[in-house]
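# Structure at a glance
One-letter residues, chain by chain:
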Amino acid sequence: MSHHITEVKELHYVYPDGLEALSGVSFRIYHGESVGLVGANGAGKSTLLMLLVGVLFPSKGEVMVGEMPVNKKTLPLIRQRVGMVFQNPDDQLFMNTVYDDVAFGPRNYNLGEPEVEKRVIQSIEKVGIAHLKDRAPYKLSGGEKRSAAIATILSMIPDILAMDEPSSGLDPKSRRRLINLLKGFSHTKIIASHDLDMVLELCERTMVLKNGKLVADGPTAEILNDAVLLENCGLEIPLGLQNCPVCGSTK
Amino acid sequence: MHMADALISPVVGGTMWVASAGVAAYSIKKIQSDLDQKKIPLMGVMGAFIFAAQMINFTIPATGSSGHLGGGMLLSVLLGPYAGFLTMASILAIQALFFADGGLLAYGCNVFNLGFFTCFIAYPLIYKQIMRRGYTPARMFSAAMLSAVIGLQLGAFGVVLETLFSGKTELPFNTFVLLMQPIHLAIGVVEGLVTAAVIGFVWKARPEIIENASIGKALGSISIKKVMTGLVVVALFTGGILSWFASSHPDGLEWSMFKTAGVEELESSDGIHQTAGEIQEKTAFLPDYNFKAAESEAEPSDSESEEAWPAVSAGTSVSGVVGGTLTLALACLIGLGISIVKRRGKASAA
Amino acid sequence: MAGIIQSLYEIRFLDELAEKRTVIHNIHPLAKLLTTLIYIVAVVSFEKYEVSGLLPLIFYPVIIIGLAEIPLLPILKRLLLVVPFALGIGALNPVFDHRIVFTAGWFTLTGGWVSFFSIVIKSILTVLAALTVIATTGMNRISFALRLLFVPRVLVLQLLLTYRYISVLMEEVARVLRAYHMRAPLHKGVRYNAWGSLAGNLLIRTFERAQNVYQAMVLRGFTGEYKTGGAPQITITDLLYLTVWTLFFAAARLFDIPALIGSLVTGVVK
């Protein structure tokens, strides 16, 4: 399925204030892959996600989704294909009921109300919040808000999910629910996160960013075990791969 | 400063609704032709910001008391007059609905007093004029201060006029003005200080936020010619309505003119004489009172004629008091009855 | 700061009431909004010295509050908070209007007092009408009625966005104020030296949030036009609701019902 390749070539991005957020990043992501994007604060993770969905445009280089370059003309198609889940669900849930929020995308694509309703119901059932359909966002818990935000993206039926810190601010149980939910998705996933244990569980491949450069790209098990590399990039080996803190036995 | 429904008449409320709706329609046309869709969520979120920021207590230096932000000036500086006006209208709508802060019929008055004067008078004619030669802290301070004070003074004067034309209060024009303007001078000074402090801070930290709003974009620029034309149209319109009002309800306008003359005329003894005479007349007419009431009520258009004294109705007569009490008792009974039936229904269902 | 949390709870309280399902809640929002407006116009159109004629209009809020199962106390509390503002000006009427309207022995009633009572009653009725319409309809369905009244979609969307983010921003303001007062426990309000930075930082964060919201909207295909779902149909019940109430308001406006009842009763007693 070559048309589902996401490819980034020599990507540079300089913010208006002169800060170079990305310099020369290149990679390819294949259909159905699940990729972790890790790096210290300010390494360029969020910027990279913004470039993938065309919220920002590269200063140099190119982003291809499928066989389409991301530019102003292709934006409507790109955005249908790549769904982005924001770090703060309050920014993403801007309507006053879950239903209206999840329906916002499909309605913008003029799908007609029966089809919109079908998609909304499917999406909220998939993330397990069908019972919260008519709730106001302020009445949702952190985990429910996250699920609702994901549902707003699912209703657009994207091929690729780009997520910015999906597990931040969640209690352990909600985090577990989220991980199980994401495991069940067959979409291509690009997950930017500091939660390395989640990356370990969800992604077979990991890319490490440092100061806007891609310093490592390979199998997650290998990268997240490389103490020197992680240390260098402001990270540490995930707990799941560390020795047991109580008895010292190796995992 | 939010006007309540109880103090205005339908004619004044309706007129101001039309005026505010007109300004809103013009503003919407303006922001839509601008095609900056980024502004739509910005207006929404900024409205919520002003709403929340209005609840911050700012201690006023050297007084020990505290004041609040109104936000009209800040909105026009940050969003431009058109988007600023519309945002103010949303804030006022939510306040009227959820807090009954400002009435629904008085909504038009409130939007006009708090939105129009700041966004379409104070902002383009004062703030923009002073700031035309570029930003300096001193210039910005005087611009924010002057425009906030004048905007609020105009708004307060609007309240006075709208209330007097409604004819529900006995306050003479002079007293009312002397009451409203100084209070709003103080409020305006606080508004100016807070607005200047916020703009000053944002200008230092993120200058592009304010520059984007005020420079270049069609949203920020507003020609004085257009404002003046608009004002003339509004003035003609209001004048037309008022003169129609005056011709069909001479008493209403006469009443407010009469008030302008001052307190002493009101206290004049012939008023009491007249009333005493009417009271006599009234007591004599008590038997066929009902007919009279029905007759005079039958013309709702006549309701503005406040001085039509005979209509001081059943409140003065025994039958009125009895009937009123019965009505209220009945209302209580109905309310109680409904809630009892409801509770029973719930209990049996459970 | 307590004020912010209090206001937030009041909004949420009304919001929750609006989610009930009663006869009144099920009436079409447009019918309710129009009825409310007609009601307010009817109340306000009574002349300055009218007292008794206004009384029958209390039936409207009483019946709505009863049927919609709106708890009385919180509504009365809000009423007590709001009404004084309107009364401030009305309270001066007795000072300026000394014309005697009624005397019975030592008791005299001046025109000022009559017009003052009239304002009191009008305040109560109009405030109740505004609060009951939101408590039985909610913001979403009100905005729906606004669309049917040809209010432009941009404005409706903007109103909804403001309403949505009031919750978020009031919490944020409350957090900032809490942080301020933790470090300045003796200050009653925010001191002058922090005015700009406190409100300014909040404002900058608001701008950033607005940018994120915009991106979230654009990523889901927003192109400047607000597209909404289908509308519930206006039924015969809704029309009946509107008509019956309007007829009642008209009757109350045209005939002094208490006076009629009163003369009937006093007549019978005689």
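Residues take numbers from 1 onward in each chain, read along the sequence in its written order. Each chain is given a letter, starting from A, and each ligand a number, starting from 1, according to the order in which they appear as written. Local features in this predicted model are restricted to residues of pLDDT 70 or higher, and side-chain atom pairs are both shown and tallied only at a pLDDT of 80 or more, whereas totals for entire chains, interfaces and linings draw on every residue. Remark: hydrogens and water are excluded; side-chain values derive from all non-hydrogen atoms of the structure.

The next point concerns the UniProt feature "transmembrane region" (unreviewed entry) in chain B. All names here are of chain B. According to UniProt, the positions carrying the feature "transmembrane region" (unreviewed entry) are residues 7-28, 40-60, 72-98, 104-126, 138-161, 181-203, 224-246 and 318-341. Helix and strand assignments come from DSSP, with helices taken as H or I runs of at least 4 residues and strands as E runs of at least 2, each series counted from the N terminus. For the annotated span residues 7-28, helix accounts for 86% and strand for 0% of the residues, and the straight-line distance between the end C-alpha atoms is 30 Å. End C-alpha to end C-alpha, residues 104-126 measures 31 Å, and it is 87% helix and 0% strand. UniProt positions are given in the numbering used here, feature names are shortened, and annotations may be inferred rather than shown by experiment.

Take unusual backbone geometry next. One non-glycine residue, Asn 211 of chain A, adopts positive backbone phi at about 45°. Burial classification: accessible surface area is computed with a 1.4 Å probe over protein chains only, and a residue below 20% of its type maximum counts as buried, one above 50% as exposed, and the rest as partly exposed. Taking the relative accessible area as the measure of exposure, Asn 211 of chain A reaches 60% and is therefore exposed. Residues other than glycine seldom take positive phi values, yet Ala 100 of chain B does so here, at roughly 50°. Considering the arrangement of structural elements, one finds Ala 100 of chain B in the loop between α4 (81-99) and α5 (107-131).

Turning to the interface of chain C and chain A, a few remarks are in order. Size of an interface: often given as the accessible area lost when the parts come together. When checking whether two residues touch, look at their non-hydrogen atoms; a contact exists if any pair is within 4.5 Å. Each partner contributes to the interface: chain C provides 30 residues, whereas chain A provides 30 residues. Among the residues chain C hides against chain A, the three largest losses belong to Arg 164, Leu 219 and Arg 220 of chain C. Together they make up 33% of the total. Note on definitions: salt bridges are taken to be side-chain nitrogens of Lys or Arg within 4 Å of carboxyl oxygens of Asp or Glu. Across the contact surface, chain C and chain A share 5 salt bridges. Between Arg 209 of chain C and Asp 91 of chain A there is a salt bridge, with the nearest N and O atoms lying 2.9 Å from each other. Sorting the residues of the side of chain C that touches chain A by element identifies α1 (2-17), α7 (153-183) and α8 (192-219) of chain C as the ones contributing at least two each. Each residue is assigned to one of three groups, with Ala, Val, Leu, Ile, Met, Phe, Trp, Tyr, Cys and Pro labelled nonpolar, Asp, Glu, Lys and Arg labelled charged, and all others, Gly among them, labelled polar. Of the residues contributing to the side of chain C that touches chain A, the split by class is 13 nonpolar, 8 polar and 9 charged. Buried area counts how much accessible surface, traced with a 1.4 Å probe, disappears from two parts once they are put together, with both parts' losses summed.

All names here are of chain A. At least two DSSP bridges between two strands are required for those strands to pair. In space, the 4 strands of this open sheet follow the order β2-β1-β4-β5, with antiparallel pairing throughout. Of all strands in the sheet, those bounded by a partner on one side alone are β2 (20-29) and β5 (68-69). Both strand β1 (residues 6-14) and strand β4 (residues 60-65) contribute to a ladder of 5 bridges, which runs antiparallel. Bridging from a neighbouring strand, Val 8 pairs with Val 63 of β4. Axis angles are defined between N-to-C directions and span 0 to 180 degrees, where every axis is a line fitted to C-alpha atoms and, for a helix, only to the segment in contact. Strands β1, β2 and β4 of the sheet are contacted by helix α1 (residues 45-53), whose axis makes an angle of about 120° with β1.

This part covers the interface of chain B and chain C. Counting residues at the interface gives 103 residues for chain B and 108 residues for chain C. Carbon and sulfur atoms make up 75% of the surface buried where chain B meets chain C, a total of about 9,700 Å² over both sides. Where chain B touches chain C, the interface holds 1 salt bridge. One salt bridge connects Arg 206 of chain B with Glu 208 of chain C, and the closest N-O pair in it is separated by 2.7 Å. Polar contacts, as used here, are pairs of N or O atoms within 3.5 Å; protein pairs need one atom able to donate a hydrogen and one able to accept it. Residues neighboring in sequence count only if both atoms are side-chain atoms. Counting the contacts that link chain B with chain C gives 11 residue pairs in polar contact (both at pLDDT 80 or more). No other element matches the 14 residues that helix α14 (residues 318-349) of chain B contributes to the side of chain B that touches chain C. Looking at the side of chain B that touches chain C residue by residue, the class counts come to 67 nonpolar, 25 polar and 11 charged.

Here the focus is the packing of helix α2 (residues 29-45) of chain C against helix α6 (residues 111-148) of chain C. Residue and element names in this part refer to chain C. Two elements in contact, α2 and α6, have axes separated by 8 Å at closest approach and are oriented at 150°. For the element pair α2 / α6, the angle class is roughly antiparallel. Seen along the crossing, α2 lies across α6 with a hand that is left-handed. Looking at the contact of α2 with α6 residue by residue, the classes come out as 15 nonpolar, 4 polar and 3 charged. Relative orientations are named as follows: roughly parallel for angles under 35 degrees, roughly antiparallel for angles over 145 degrees, roughly perpendicular for angles from 65 to 115 degrees, and oblique for any other angle. By the definition used in this description, the sense in which the near helix is turned from the far one sets the handedness, with an anticlockwise turn below a right angle giving left-handed and a clockwise turn giving right-handed.

So, on to the UniProt feature "domain: ABC transporter" (unreviewed entry) in chain A. According to UniProt, the feature "domain: ABC transporter" (unreviewed entry) maps to residues 6-236 of chain A in the numbering used here. With 38% helix and 26% strand, residues 6-236 of chain A has its two end C-alpha atoms placed 28 Å apart.

Patches here: salt-bridge-free residues with over 30% relative accessible area, like charges joined within 9 Å, nonpolar side chains (Val, Leu, Ile, Met, Phe, Trp, Tyr) joined within 5 Å. To be clear on the numbers: accessible area is Shrake-Rupley with a 1.4 Å probe, and residue cover counts the displayed protein chains and nothing else. Taken together, Leu 146, Ile 150 and Leu 154 of chain B make up a surface patch of nonpolar side chains, about 200 Å² in accessible area. In this structure Leu 146 of chain B comes out as partly exposed when scored by relative accessible area, which is 40%.

Residue and element names in this part refer to chain A. Here 6 strands make up an open sheet; going across it, the order is β6-β7-β8-β3-β9-β10 and the pairing mixed. Edge positions in the sheet fall to β6 (82-85) and β10 (213-219), since each of these pairs with one other strand and no more. Here the average twist between neighbouring strands, direction ignored, is 15°. Examined bridge by bridge, strand β9 (residues 205-210) and β10 share 6 bridges and lie antiparallel to one another. Note on β10: the bridge partner recorded for Arg 205 is Pro 219. The strands touched by α1 within the sheet are β3 (34-38), β6, β7 (160-164), β8 (188-192) and β9, with β6 carrying the most contacts at an inclination of about 145°.

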